[in-house]
Amino acid sequence: MPLDANTPDLRTEFKSVGTRPNRPDGVDKVTGRARFGADFALPGQLTGLILRSPHAHAKIKSIDTSAAEALPGVKAVITYKDIPEQEGCDKDVLVNIMARGTALYDGHAVAAVAAVDASVARKALKLIKVDYKVLKHVTDVDEAMKPDAPVLHPGRFDPVDFSTLENAAHVSGKEERKTATPAHSNIAGRYVFGHGDPDKGFKQADVIVEHEFKTEATHQGYIEPHACTASVSSDGMAELWVCTQGPFMVRDVCASLLGMDVSRLRVTPSEIGGGFGGKTTVFIEPVALALSRKAGKPVKVVMSRSEVFRATGPTSSASMWVKIGAKKDGTFVAADAVLKYQGGAFPGSPVEMGAMCAFACYDLKNVRIVGYDVVTNRPKQAAYRAPGAPMSAFAVEGVIGEIADKLGMDAIDIRLKNAAKEGTVSSYGPTFGPVGLVETLEAAKAHKNYKVKLGKNQGRGVASGFWFNFAGNTCVSINLNVDGTLALALGTVDIGGSRASMCLMAAEELGISYEDVRAVIADTSSLGYNDISEGSRVTFSSGLATIKAVRDLKVRMCGRAAKIWGIPEDAVKWENGAAHPAGSNAGNFPPLSIKEIAAQASATGGPLAGHYEINAEGAGPSFATHVCDVEVDPDTGAMKVLRYLVVQDAGKAIHPSYVEGQFQGGAVQGIGWVLNEEYFYGKDGTLQNAGFLDYRVPVCSDVPMIDTVIVEVPNPGHPYGVRGVGETSIVPPLACVANAVSSAIGVRARTLPMSPPRVLAALEGVAASKA
Amino acid sequence: MSAVHVSTNINGDDVEFVCRPDESLLDVLRDRLGMTGSKEGCGTGDCGACSVELDGRLVCSCLVMGAEVGGHKIETIEGMAQGDKLHPLQQKFLEHAALQCGICTPGFLVAARNLLERNNDPTETEVRYWLAGNLCRCTGYDKIVRAVLDTAKDMRKSAAKSSAKKPAAKKKAAPKKTAKKGARHAA
Ligand code: FES
Ligand code: FES
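The model shown is predicted, which means the values in this text are computed figures rather than measured ones.

What counts, and where the lines are drawn
Residues numbered from 1 in each chain as written. Chains lettered and ligands numbered in written order. Predicted model: local features only at pLDDT ≥ 70, side-chain atom pairs only at ≥ 80, totals over all residues. Heavy atoms only, no water. Helix = DSSP H or I, 4+ residues; strand = E, 2+ residues; numbered from the N terminus. Buried < 20%, exposed > 50% of the residue type's maximum accessible area, 1.4 Å probe, protein only. Contact = heavy atoms within 4.5 Å. Areas by Shrake-Rupley, 256 points an atom, 1.4 Å probe, with all protein chains shown as cover. Domains from an automatic or database assignment. Buried area = accessible area lost by both parts, 1.4 Å probe. Salt bridge = Lys/Arg side-chain N within 4 Å of Asp/Glu carboxyl O. Pairing = 2+ DSSP bridges. Polar contact = N/O pair within 3.5 Å; in protein donor to acceptor, adjacent residues only side chain to side chain. Nonpolar A, V, L, I, M, F, W, Y, C, P; charged D, E, K, R; others polar. Core = buried A, V, L, I, M, F, W, Y, C linked by side-chain atoms within 4.5 Å.

Participant: How should I be thinking about the overall build of chain B in this particular structure?
Facilitator: Looking only at helices and strands, chain B features 6 helices and 5 strands. Sequence-ordered secondary structure for chain B, helices as α and strands as β, is β-β-α-β-β-β-α-α-α-α-α. Counting across all 187 residues of chain B, residues that qualify as buried make up 55%. Taking as baseline every contact in chain B between residues at least 6 positions apart, the subset at least 24 positions apart corresponds to 61%. Summed over its atoms, the accessible surface of chain B is roughly 8,100 Å², and 53% of this surface lies on carbon and sulfur atoms.

Participant: It is not clear to me how the domain arrangement of chain B should be interpreted in this structure. Could you clarify?
Facilitator: A common way to express how large an interface is: the accessible area buried when the components associate. Residues and elements named next belong to chain B. One can read the domain layout of chain B as domain 1 (4-79) and domain 2 (88-181). Using only C-alpha atoms to locate each centre, domain 1 and domain 2 end up separated by 22 Å. The partner domain 2 presents 16 residues to the 16 residues of domain 1 that form the contact. Taken together, both faces of the contact between domain 1 and domain 2 bury some 1,200 Å²; the carbon and sulfur share is 54%. Between the two partners, domain 1 and domain 2, sit 1 salt bridge. The closest approach of N and O atoms between Arg-113 and Glu-53, which form a salt bridge, is 3.8 Å. When contributions to the side of domain 1 that touches domain 2 are tallied by element, the ones reaching two or more residues are strand S3 (51-54) and strand S4 (57-60).

Participant: Hey, could you run me through the pairing of strand S12 (residues 299-302) of chain A in this one?
Facilitator: Across a regular strand the side chains alternate sides, sitting on one face of the sheet and then on the other. Residues and elements named next belong to chain A. Examined bridge by bridge, strand S1 (residues 46-52) and S12 share 3 bridges and lie parallel to one another. From the neighbouring strand, Gly-48 faces S12, where its bridge partner is Val-301. Taken together, the 4 bridges between strand S9 (residues 227-232) and S12 define a ladder with antiparallel strand orientation. Its bridge partner being in S12, Ala-230 is matched across the sheet by Val-299.

Participant: What am I meant to see in the interface of chain A and chain B here?
Facilitator: Listed as interface residues are 53 residues of chain A and, on the opposing side, 45 residues of chain B. Surface buried jointly by chain A and chain B totals about 4,000 Å² across both partners, of which 58% is contributed by carbon and sulfur atoms. A per-residue breakdown of the area chain A buries against chain B is headed by Val30(A), Cys700(A) and Met705(A), which together make up 20% of the total. Counting across the chain A and chain B interface gives 6 salt bridges. A salt bridge links Arg20(B) to Asp117(A), with the shortest nitrogen-to-oxygen separation between them at 3.5 Å. For the pair chain A and chain B, the number of links is 21 residue pairs in polar contact (both at pLDDT 80 or more). Listed by contribution, the elements that provide at least two residues to the side of chain A that touches chain B are helix H1 (26-31), helix H4 (118-127) and helix H19 (656-675) of chain A. Counting residues per element, the side of chain A that touches chain B draws most heavily on H19(A), at 9 residues. Its residues assigned to classes, the side of chain A that touches chain B shows 25 nonpolar, 19 polar and 9 charged.

Participant: Would you explain helix H1 (residues 25-32) of chain B in this entry?
Facilitator: Given 3.6 residues per helical turn, the α-helix brings residues three or four places apart onto the same face. Residue and element names in this part refer to chain B. Taken as a whole, H1 has its buried residues at Leu-25, Leu-26, Val-28, Leu-29 and Arg-30. The secondary structure elements touched by the buried residues of H1 are strand S1 (4-10), strand S2 (13-19), S3 and strand S5 (73-75). Where H1 terminates, the next one or two residues include Gly-34, which has phi positive at roughly 65°.

Participant: What exactly am I supposed to notice about the nonpolar core here?
Facilitator: It is characteristic of soluble globular proteins that their nonpolar side chains tend to be buried jointly. In terms of nonpolar packing, the biggest core is built from 193 residues, with Ile324(A), Phe359(A), Tyr644(A), Val737(A), Phe93(B) and Leu131(B) touching the most fellow members. Of all the elements, helix H13 (residues 389-407) of chain A adds the most residues to this core, at 10 residues. Ignoring anything within four residues of it in the chain, the contact list for Ile324(A) reads Phe202(A), Val207(A), Ile208(A), Val209(A), Phe332(A), Ala334(A), Ala335(A), Phe359(A), Val396(A), Val399(A), Ile400(A) and Ile403(A). Core analysis: the second largest hydrophobic core is formed by 54 residues, Val17(A), Met505(A), Leu510(A) and Val722(A) among them.

Participant: Just checking my understanding: could you explain the side chain of Asp46(B) for this structure?
Facilitator: Among the structural elements, Asp46(B) can be located in the loop between H1 and S3. Within the local environment of Asp46(B), its side chain forms a polar contact with the side chain of Thr44(B), the two groups lying 2.8 Å apart. Beyond its immediate stretch of four places on either side in the chain, Asp46(B) contacts Phe692(A), Leu693(A), Gly133(B) and Leu135(B).

Right, here's the structure in full:
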């Protein structure tokens, strides 16, 4: 369907798109010249450091900053009093950036200093005296829902009366829940999705499998810690250089927290050393601005790795129950799930999206999902790649694996039998347009990896996954330079090669060479508002806006050609990088190339530019199927991933290398989630593994090559058929690896991570039950 | 704490600097000398983003004190390209799309060069273990490993070509690599 009158139908033939040129920002990044968050420096800048709560939950009785302030070299000390609450600001974000009366988690910011250098700033932190009264804490999601759990926000959330809820038994697994009516509650929200009648559906089932599952919180683990440099002048004008996924979000949120007009704050995004969702909110930025405002000098704040772990958002930990019923032939007749996600000390866990994604891969007539958003004494969760989806997929795909085993069906066949396709009413509401799940399943089945014979203690797992993909507010401008080259200004930061993709699309649309387009990431004063680089929206939304901005420019260039030739504007068309007369009766003129038009721009009416602004819709969902082979050592419980295959629908791969890169990176993050990664809390509620040594992300020697197949089922919502690809890749791995382990050694892991001791304990359990 | 005056050599240039005794080599490079190509991902020797060579040994510059590098030779990412000519590894990283965000890239390049100088015919497993001290959260390592293997292949080809031209030159055996962990933490 055309997007508007001047949009041709979906393009299927490409010259630039689909090729693999070097990225335009590449040389700077391989030579160390690219400037990331911590690489900025301003003359006269101070070093800012933050004092953090050592307690999981504590009343802050008093803060005495006088000794710190008296230390030579200290230029500002701030507490929440220096950031008074502004009308209309987001209170949770305000409380999260600096505790106001109560420290809600280990690592919660309590005060901050700016000093001439790091060594003075460190001394000053030690001189701040905070008088805490330690409160009872809770970090586990199931514990937090109990009637006697410590309450984080007394009086804020209505108590939930489980006795009236249809699925109460599964919410608590305990009888007492049915009668207890807690005075307060840590349940911040309840979400219900589904259709049909699961209770009736289960009556038609030949086989029913239900289980409880738990996953621990994992961190996005970007290698670049949060960093920013703030400079507030005495006239209230401010600048901020920062590594973020959303410079416009940072500007608007900081302005509202600090009571500034948006126009007074200019945010320049640095290169960003990974985000994966973790850099979609503010932590240190408002603090740096407040310090700079008080000190009257620029202030640079860079988080340490342990601060990143303790005080920025990991994703939720989850406790889940899933039940699926199937006929003998593998047809699913009903599905039911309860998901409980804790999102740290504030509402907003991704349970709603987890619930929407849980059964999205399947065509189900009877389905119900209930999700609970729960608060605990942990850092406020932040988005992490397909937020909420990997956990629910872990539970659902695990149950499906078990049903397939029970029925003696092939793991891909059972999914093919139930796969969502065009016209399927999804479990979360909308009816799917053209989607590629079936294609990914078929490609996975045909792949050589699926045919490799397995040895002793080896097993194969399969899992599928879904992510919606976001679109949203986007704004792009493209300027024609005097020599016919182009400057493309984007408002979405480039986290993984998106400049290359945008240049490819612009070159394709203009019919010129990729090298003639140069993309820059604009600051917030140079371009209209752009939503955050999140939700796999960049290649879709900024791509769409780039194509439309180029079309706008083409119309203007055709106008200039018309002027030069003295013919009507609609008698000119654009082809292969040049303006041509539209037909023989338009006149017989030799084509005017983009270079010739650029050279005459001044004489024909002035500079030439194109732009486009949109609140985009139509981001097509992306489905994936993963296949993984593992080998488990039955003596140690250690496991090795032998082979890993990602098959995913990209709609249209603009730069296939970076599409593959997204597939591979997401898969390996998922492998880390299932094998090693976890937030480990002590009895006192403090984080025990706030460093890369103890929070172990996969290293090079942990993984094999990650094989990829790009499936292309075009998305009708984008002129070139693009779907976002960044997130779906982390959805299947948890279940995929778990299913492989089960096929290797007959142990079903329902608690993540499947660390060697856990695998070993499960193996011993199996042996004991056989004995 | 009084400052220390240090004379050293970085990327072939004699350099003098003054630092406090508690500053790491990484702090000195980044904050005193403006060489921000080496990155700090952890400051505790766990991520490899700060990798440099110290007298030819691969080390985490966050674990080396600035005050102790006097009289030594340091090689950083800034010295890898010769003028506008990229090192073959840099070129291959670009061609293989072996970087996404790019924050880990300087560390990987320095570590990979150190490997190839010791062993120009590493197996995939050798590459993976050698680079196990460098974290990359974006790529899943696939394209990084391919880029390194491909560079090694090209380097062997050009080495074979030049030794064919000079038949007298004896083939030098690739030196055995030393245990990487030890090399890193010895500093
Ligand atoms: S900064 Fe991570 S190892 Fe040095
Ligand atoms: S490319 Fe981002 S961490 Fe390696």
